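Examination of the molecular architecture
Letter by letter, the chains look like this.
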Amino acid sequence: MKTTGNTILITGGSSGIGLGFAEEFLRLGNKIIVCARWEDRLNKVKAEHPEMIIRKCDVSVEKEREELFNWIKANHPETNVLINNAGVQLGTDISQPLDMKRVNAEIGTNIVAPLHLSSLFIPLLKTKSESAIINITSGLAFAPLAFMGIYCATKAAMHSLTMSLRHKLKSTSIKVFEIAPPAVDTNLGHDRRDDKTQSHGGISVAEFLKEAMAGITGDVYETCVGQAKGLRMKREEVFNTMNK
Ligand SMILES: NC(=O)c1ccc[n+]([C@@H]2O[C@H](COP(=O)([O-])OP(=O)(O)OC[C@H]3O[C@@H](n4cnc5c(N)ncnc54)[C@H](OP(=O)(O)O)[C@@H]3O)[C@@H](O)[C@H]2O)c1
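Residues numbered from 1 in each chain as written. Predicted model: local features only at pLDDT ≥ 70, side-chain atom pairs only at ≥ 80, totals over all residues. Heavy atoms only, no water.

**Comments concerning the overall build of the chain**
- In terms of regular secondary structure, the chain is built from eight helices and seven strands.
- Against the globule reference of 18 Å for 244 residues, the chain gives a C-alpha radius of gyration of 17 Å, in line with a compact fold.
- Along the three orthogonal principal directions, the C-alpha set of the chain runs to about 50 × 35 × 30 Å.
- A total of 244 residues make up the chain; the buried ones form 49% of that total. (Helix = DSSP H or I, 4+ residues; strand = E, 2+ residues; numbered from the N terminus. Rg over C-alpha atoms; globule rule 2.2 N^0.38 Å. Buried < 20%, exposed > 50% of the residue type's maximum accessible area, 1.4 Å probe, protein only.)

Structure representation (structure tokens):
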């Protein structure tokens, strides 16, 4: 897709991978709108990048998704790219009684939100000569880590839904991309860690962006970055290694 002159909404654009995309697309000459739940982090983004537009929104809440879309339609109707990036990773032992609040939060944020937001935006995106939906999934969509089984299942579902959406929209102006990151050093998983300074490691956001942006620029509709490539190709084989 073209990487300049777009207006791009990035969900979860206040940290990590979403913020990385926001900064890169801003540098390339795009108008950037980021949304997230916590205002303090959004305000920090605005202080560092006054050109970016910020919007508080919890995408796991249906009413807030509708309000976000209506606000975009009224104030930034030229929006032609939606990046479904917001995600949470909660460790959940699926062999134990489940805390359904946590289960619903993870499924609501990682599957229902991108599915619903896409459906809200599709009529608007269809009116543009060039437009795109970019879904951020995970290498774990292809081989799950059992201790975070629900997270991995949400990403597997998003891989499947992205394929279906791409097929359904193939005769429209909307290109549907999937980017599957490997472990990237961000705040992801802080919800399940006692020590909030601890990260799960992985490659830097800058390194991740090089491959992800190459895929987007080159119209490669599915880009598995770094080690996510191995998970895609050898899913059963790596499952046993990963879950030792
Ligand atoms: N980092 C990795 O290793 C990795 C690997 C594979 C895939 N991914 C995927 O990459 C995406 C970005 O994650 P990240 O690693 O950049 O994590 P991150 O640093 O924790 O960023 C997550 C972003 O999503 C926002 N967010 C979370 N829940 C939200 C909600 N309900 N509504 C609106 N915004 C919400 C967060 O802001 P607030 O908390 O303020 O809402 C934050 O801006 C996720 O979909 C994740 O699953 C990451």
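Having seen it, we continue.
**Thoughts on empty space enclosed by the protein**
- Here the structure, examined in full by the defined rule, presents three cavities of 30 Å³ or more.
- Here the largest cavity is characterised by a volume of approximately 60 Å³.
- M1, K2, N6, N80, V81, E130, S131, A132, S173 and K175 together form the lining of the largest cavity.
- Grouping the constituent residues of the lining of the largest cavity by class yields three nonpolar, four polar and three charged. (1 Å grid on protein atoms, 1.4 Å probe; cavity = no way out; pocket = protein on both sides within 12 Å on 5 of 7 lines; lining within 4 Å. Points joined across faces, edges and corners; volume = space filled by probe spheres on them. Nonpolar A, V, L, I, M, F, W, Y, C, P; charged D, E, K, R; others polar.)

**Overview of the side chain of S138**
- With respect to the element layout, S138 can be found in the loop between strand 5 (131-136) and helix 5 (149-168).
- Among the polar contacts listed, one links the side chain of S138 to the backbone nitrogen of L140, at a separation of 2.9 Å.
- Apart from residues no more than four positions distant in its own chain, S138 is found in contact with Y151, K155, I179, A180 and P181. (Polar contact = N/O pair within 3.5 Å; in protein donor to acceptor, adjacent residues only side chain to side chain. Contact = heavy atoms within 4.5 Å.)

**Looking at the pairing of strand 1 (residues 7-11)**
- The buried fraction of strand 1 amounts to five of the five residues, a majority that puts the element mostly inside the structure.
- Side-chain alternation along strand 1 places T7, L9 and T11 on one buried face and I8 and I10 on a second face that is also buried.
- Strand direction decides the pairing type here: strand 1 and strand 2 (residues 31-36), joined by five bridges, are parallel. Across the sheet, I8 pairs through a bridge with I32, a residue of strand 2.
- Note that the unit made of strand 1, helix 1 (residues 16-27) and strand 2 has a crossover that is right-handed. (Pairing = 2+ DSSP bridges. Right-handed = clockwise from strand over helix to strand, strands pointing away.)

**Quick word on the sheet that holds strand 5**
- Taken in spatial order, the seven strands line up as 3-2-1-4-5-6-7 in an open sheet, and their pairing is parallel. The outermost strands of the open sheet, each flanked by one partner alone, are strand 3 (53-56) and strand 7 (222-224). Shown here is a sheet whose adjacent strand axes are inclined to one another by a mean of 15 degrees, direction ignored.
- Strand direction decides the pairing type here: strand 2 and strand 3, joined by four bridges, are parallel. The partner of C35 across the bridge, within strand 3, is R55.
- Each of strand 2 and strand 3 touches helix 2 (residues 39-48); the most contacted strand, strand 3, lies at about 175 degrees to it. (Axes fitted to C-alpha atoms, helices over the stretch in contact; angles between N-to-C directions.)

**Thoughts on the site of the ligand**
- As a structural note, the neighbourhood of the ligand is formed by 32 residues, with S15, R37, N85, Y151 and T186 the closest of them.
- One nitrogen or oxygen atom from the side chain of R37 is found 2.7 Å from an oxygen atom belonging to the ligand.
- At a separation of 2.6 Å, an oxygen atom of the ligand approaches a polar side-chain atom of T186.
- In the complex, the protein chains occlude 97% of the 880 Å² of accessible area that the ligand would expose alone.
- Broken down by secondary-structure element, the contributors of at least two residues to the shell around the ligand are helix 1 and helix 5.
- Looking at the shell around the ligand, its residues break down into 14 nonpolar, 14 polar and four charged. (Near = heavy atom within 4 Å. Areas by Shrake-Rupley, 256 points an atom, 1.4 Å probe, with all protein chains shown as cover.)

**Re the nonpolar core**
- Judged by nonpolar contacts, the single largest core of 30 residues is most densely connected at F21, F25, I32, I134 and F208.
- Beyond its immediate sequence surroundings of up to four residues, F208 is in contact with I17, F21, I179, P181, P182, V184, I203 and V225.
- I53, A86, L117 and L124 belong to the second-largest nonpolar core, a separate cluster that totals 24 residues. (Core = buried A, V, L, I, M, F, W, Y, C linked by side-chain atoms within 4.5 Å.)

**Some words on the packing of aromatic side chains**
- Scanning the model with the defined rule gives four aromatic pairs in all.
- For the ring pair F21 and F25, a centre distance of 6.2 Å and an interplane angle of 25 degrees mean the geometry is stacked. Note that F21 and F25 are positioned in helix 1 at a spacing of four residues, about one turn of the helix. An identical accessibility class is assigned to F21 and F25; each is buried.
- Ring plane angle 80 degrees and centroid distance 5.8 Å describe the contact between F21 and F208, whose orientation is recorded as edge-to-face. Placement of F21 in helix 1 and of F208 in helix 6 (residues 205-217) is noted, with a sequence separation of 187 residues between them. (Phe/Tyr/Trp six-rings, centres within 6.5 Å; stacked < 30°, edge-to-face > 60°.)

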